[in-house]
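Working through the structure, step by step
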Amino acid sequence: MIEIIWKPELHSFNRCQEFADEFRLCETDLILTNEYIYQPYFGSMNLGCRVLYQEKYGIGEPTDTMTEAIMQDMKKTGCKRVIAIGGGTVIDIAKVLAVAGDESIDCLYDMAPALPKRRTLIIVPTTCGTGSEVTNISILNRTRINTKMGLVGPAMYADAAVLLPQLLEGLPFGVFAASSIDALVHAVESILSPKATTYTKLFGYKAVEMIIRGYQTIAREGRDARIPLLNDFLTASNYAGLSFGTAGCAAVHAMSYPLGGKYHVPHGESNYAMFTGVLKNYMEIRQDGEIAVLNTYLAGLLDCPVKDVYDCLEQLLDQILPKKPLHKYGVTKSELKDFTRNVMETQGRLMGNNFVFLDEARVLKIYTELY
């Protein structure tokens, strides 16, 4: 049994200049980033690197067509290293660039997991949610089949992951909220996964504690209270990434993908729309085992009775990112069956990590309750 997978070297720096000096960034490197991130922190360094700004190719979360356009421009650079400095969109695309040749995105999905490592990959996250710097999965919206799917392979692990809390200082509160709730979902889903181990649960439970304690401080003191906590949130996101990188995510993510794919809801927000609804349905099926341990742990953090734990958790999270019912995103009742069918047909990899088995009727029930 695999206890934990930890492939990239993990580095941390206080300042961006320290990172640039240590990694000797130069003209044979391609940096994939956003202009609003790159210019304030790296623009005056005269690094000589080739730089591609992701937003020039499209806005929102990554799609197959956006990624293919970036792949074409990357090939012109002849780069030896790909350096991702950004949030989930930048990181997911950069992982594809590390393995990309002349194939289309659809061909890469057909080849996975036997993807070749064609370039060195360095990942520097600028949000506190994905944990993607230590995982080997890229989530793309496959526009040709109208859903999000994970592209996975050992070659998609970064060679080095870099934690740089300075890059989170300008993060808008909404992005901070959605990304950090995503990290909380990563941690909880990995804790409840049948693939969880003592090692993954060590990181998962610590991530849950750090995020909830941070949220309690923000709820008590206001949004600016997050600034001194950015290193904690970035570390917690990394812990959650280490946990789900081995144990995997499950139904919350699987059920969020049709919502995000069709209505372009940010990933962390779409996860939150499903989060406690999935947990409550787990509890209807089984009340013992790891979910009982988790609920007791959460109740201790939230200072509430165990029976009220999900409602109290939601009350706290609503102070960070208000939850919306599905119809507020434009979802119609008739689409709930389509969403359910999509999940059952395309998200088997994630649904295999559920705490308990969820059949098609149960998935539709959850969507209906959240509608």
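Conventions we followed
- Residues numbered from 1 in each chain as written.
- Predicted model: local features only at pLDDT ≥ 70, side-chain atom pairs only at ≥ 80, totals over all residues.
- Heavy atoms only, no water.
- Helix = DSSP H or I, 4+ residues; strand = E, 2+ residues; numbered from the N terminus.
- Rg over C-alpha atoms; globule rule 2.2 N^0.38 Å.
- Buried < 20%, exposed > 50% of the residue type's maximum accessible area, 1.4 Å probe, protein only.
- Lys, Arg positive; Asp, Glu negative; His and termini not counted.
- Charge placed at Lys NZ, Arg CZ, Asp CG, Glu CD.
- Domains from an automatic or database assignment.
- Contact = heavy atoms within 4.5 Å.
- Buried area = accessible area lost by both parts, 1.4 Å probe.
- Salt bridge = Lys/Arg side-chain N within 4 Å of Asp/Glu carboxyl O.
- Polar contact = N/O pair within 3.5 Å; in protein donor to acceptor, adjacent residues only side chain to side chain.
- Pairing = 2+ DSSP bridges.
- UniProt positions renumbered as here; feature names shortened; annotations may be inferred.

**A few points about the overall build of the protein chain**
A tally of regular secondary structure across the protein chain gives 15 helices and 8 strands. Relative to a compact globule of 371 residues, whose C-alpha radius of gyration would be 21 Å, the protein chain shows 20 Å and is just as compact. Based on the C-alpha atoms only, the size of the protein chain along its principal axes is roughly 60 × 45 × 45 Å. A buried classification covers 60% of the 371 residues belonging to the protein chain. Of the side chains in the protein chain, 36 bear a positive and 42 a negative charge, and the two mean positions are spaced by 2 Å.

**Considerations on the domain arrangement of the protein chain**
In terms of domains, the protein chain is made up of domain 1 (7–166) and domain 2 (171–368). Distance between the C-alpha centres of domain 1 and domain 2: 25 Å. The partner domain 2 presents 28 residues to the 25 residues of domain 1 that form the contact. Taking both partners together, domain 1 and domain 2 bury about 2100 Å²; carbon and sulfur atoms supply 59% of that area. It is Cys 128, Lys 148 and Pro 165 that lose the most area in domain 1 upon contact with domain 2, and together they represent 28% of the buried surface on that side. Here domain 1 is connected to domain 2 by 0 salt bridges. Linking domain 1 with domain 2 are 8 residue pairs in polar contact (both at pLDDT 80 or more), by the criterion used here.

**Description of the pattern of salt bridges**
The full count for this structure, using the stated rule, is 24 salt bridges. Between Arg 144 and Asp 64 there is a salt bridge whose closest N-O contact spans 3.8 Å. Here Arg 144 is found in the loop between β6 (137–142) and β7 (147–152), whereas its partner Asp 64 is found in helix α3 (residues 64–75), with 80 residues between them in sequence. Look at Arg 144 and you get partly exposed, because its relative accessible area is 43%. Residue Lys 365 is joined to Glu 369 by a salt bridge in which the shortest nitrogen-to-oxygen separation is 2.5 Å. On the criterion of helical spacing, the pair formed by Lys 365 and Glu 369 is a turn pair, its members being 4 residues apart in helix α15 (residues 360–370). Given a relative accessible area of 28%, Lys 365 falls into the partly exposed group. Classification of Glu 369 as partly exposed rests on a relative accessible area of 46%.

**A word on the pairing of β7**
Counted residue by residue, β7 has 5 buried out of 6 residues, so it is predominantly covered. Pairing of β6 with β7 involves 6 bridges; the strand directions are antiparallel. Its bridge partner lying in β7, Ile 139 is registered against Gly 150.

**Description of the UniProt feature "domain: Fe-containing alcohol dehydrogenase-like C-terminal" (unreviewed entry) in the protein chain**
If you check UniProt for "domain: Fe-containing alcohol dehydrogenase-like C-terminal" (unreviewed entry), the listed places come out as residues 177–370 in our numbering. Taken end to end, residues 177–370 is 72% helix and 0% strand, and its two terminal C-alpha atoms sit 20 Å from one another.

**Re the UniProt feature "domain: Alcohol dehydrogenase iron-type/glycerol dehydrogenase GldA" (unreviewed entry) in the protein chain**
The feature "domain: Alcohol dehydrogenase iron-type/glycerol dehydrogenase GldA" (unreviewed entry), as given by UniProt, occupies residues 56–163 in the numbering adopted here. Helix makes up 29% of residues 56–163 and strand makes up 26%, while its end C-alpha atoms are separated by 25 Å.

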